[in-house]
Amino acid sequence: MRSLDSYSDCLKCGSVINDSSLLVPDELNPGKYRSLCPSCKHETMRTPFPPRSLRPVFEMIAECAELNRPILVLILACTAYESMFDGLFYRILERQHVFPVEAIADGIEYRSKIRIFHNLTGKRFESYLGKLGFKKLHTNLMEIKRRRNGFIHTGVAHKEVEVKLGLHSGKQFCFPKRVDLDQSDSERALKFTLDIIHCFARLYSDFGKYAEIESYDY
Ligand SMILES: [Zn+2]
């Protein structure tokens, strides 16, 4: 999880940049960071990315993966994704001056937020992920969510796999079988978590600029 210490977010231009040397402690504001932004070329305040408030969830994911507790890694990975997505959604509303942000965003389900994302940005979320090189992020999310929900409703951490029965008249026959989650699920969820960090760094950057407010002459 070294990625937790390398990205930072420029408070002026919204560029999220993967360079730990930009997190220079601001002597005048203890606990804050300030440096020359390579993107907007101003000396600006920077905040760590992912946001500090989400650091514990990412750390818990790494810890549970190390302990080989796949279901916990899956549950936490979904939480990390949902929190990062909500942060992106808030960011877009705020930076496009759509207020009040909380009243609009709270209580809306994920699919509606995806539709509003399209309305506000003109981009289809899933295709946009593909453009950024994270084509499988959404499919992986859905698979992880399915296993998480299965556990939440049954208390049993399992997955369905296809077992090959062999060839019959030249055709491969398979049947579905339920098996326990294993280390490969932890590893995949951990990889998914790293993808979340890299992918949302791009998304937060791409939609990080404040829209200019048009002024009218009367
Ligand atoms: Zn900047």
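Residues numbered from 1 in each chain as written. Predicted model: local features only at pLDDT ≥ 70, side-chain atom pairs only at ≥ 80, totals over all residues.

Undergrad: Give a detailed account of the overall build of the chain, specifying residues and quantitative values.
TA: In terms of helices and strands, the chain carries seven helices and six strands. Start at the N end of the chain and walk to the C end: the helices and strands fall as β-β-β-β-α-α-α-α-α-α-β-β-α. Reported as C-alpha extents along the three principal axes, the dimensions of the chain are approximately 75 × 45 × 35 Å. Looking at the 218 residues of the chain, the share that counts as buried comes to 21%. Sequence-distant contacts in the chain: of pairs separated by 6 or more residues, those separated by 24 or more amount to 60%. (Helix = DSSP H or I, 4+ residues; strand = E, 2+ residues; numbered from the N terminus. Buried ≥ 20, exposed ≤ 12 C-beta atoms within 10 Å, placed from the backbone. Contact = placed C-beta atoms within 7 Å.)

Undergrad: Hey, could you go over the nonpolar core for me, with residue numbers and the actual values?
TA: Ranked by size, the top nonpolar core spans 29 residues in total, and within it Ile61, Val73, Ala77 and Ala80 carry the most contacts. Within the residue set of this core, elements represented by two or more residues are α1 (55-66), α2 (70-95), α6 (137-154) and α7 (183-206). With nine residues, α2 is the largest single contributor of residues to this core. The two domains that each donate at least three residues to this core are domain 1 (1-49) and domain 2 (53-206). Ignoring anything within four residues of it in the chain, the contact list for Ala77 reads Ile61, Ile144, Ala189, Phe192 and Thr193. (Core = buried A, V, L, I, M, F, W, Y, C linked by C-beta atoms within 7 Å. Domains from an automatic or database assignment.)

Undergrad: Can you tell me about the environment of His118, naming the residues and giving the values?
TA: Examined against the element boundaries, His118 turns out to sit in helix α4 (residues 110-121). Using a count of 14 C-beta atoms within 10 Å as the deciding quantity, one classes His118 as partly exposed. In contact with His118, other than residues within four places in its own chain, are Lys123, Arg124 and Phe125.

Undergrad: Break down the pairing of strand β6 (residues 171-180) for me, citing the residues and quoting the values.
TA: Judged by how many residues are buried, β6 sits mostly at the surface: zero of 10 residues are covered. Note: strand β5 (residues 158-168) against β6, 10 bridges, orientation antiparallel. Paired with Lys159 across the two strands is Val179, which belongs to β6. Turn length for the β5-β6 hairpin, with the two strands adjacent in sequence and antiparallel, is two residues, and the turn residue Ser169 shows positive phi of about 50 degrees. (Pairing = 2+ DSSP bridges.)

Undergrad: Describe in detail the packing of α6 against α7, supporting the description with residues and values.
TA: At their nearest, the axes of α6 and α7 sit 11 Å apart, and the two run at 135 degrees to each other. Taken together, the axes of α6 and α7 are oblique relative to one another. As for the relative orientation of α6 and α7, their crossing is left-handed in sense. Judged by residue contacts, Leu137, Asn140 and Ile144 of α6 engage Ala189, Phe192, Asp195 and Cys199 from α7. Partitioning the contact of α6 with α7 into residue classes produces five nonpolar, one polar and one charged. (Axes fitted to C-alpha atoms, helices over the stretch in contact; angles between N-to-C directions. Parallel < 35°, antiparallel > 145°, perpendicular 65-115°, else oblique. Left-handed = near helix turned anticlockwise from the far one by under 90°. Nonpolar A, V, L, I, M, F, W, Y, C, P; charged D, E, K, R; others polar.)

Undergrad: Lay out the domain arrangement of the chain with the relevant residues and their values.
TA: When its domains are assigned, the chain resolves into domain 1 (1-49) and domain 2 (53-206). Computed over C-alpha atoms only, the centres of domain 1 and domain 2 are separated by 27 Å. Residues that form the side of domain 1 that touches domain 2 fall into these classes: five nonpolar, four polar and one charged.

Undergrad: How would you explain α4 if you had to name every residue and give the values?
TA: Compared with the 16 Å implied by 1.5 Å per residue over 12 residues, the 16 Å span of α4 between its first and last C-alpha is a close match. Among the residues trailing α4, Gly122 stands out with phi positive, at a value near 80 degrees. (Expected span 1.5 Å × (residues − 1).)

Undergrad: Now, about the packing of α2 against α6: what can you tell me, with residues and values included?
TA: At a minimum axis distance of 9 Å, the contact between α2 and α6 shows a crossing angle of 125 degrees. When the interaxial angle is binned, α2 and α6 end up oblique. Crossing of α2 over α6 shows left-handed handedness. On the side of α2, the interface is formed by Ile71, Leu74, Ile75, Ala77, Cys78 and Tyr81, while α6 contributes Leu141, Ile144, Lys145, Arg147, Arg148 and Phe151. Taken together, the residues of the contact of α2 with α6 sort by class into nine nonpolar, no polar and three charged.

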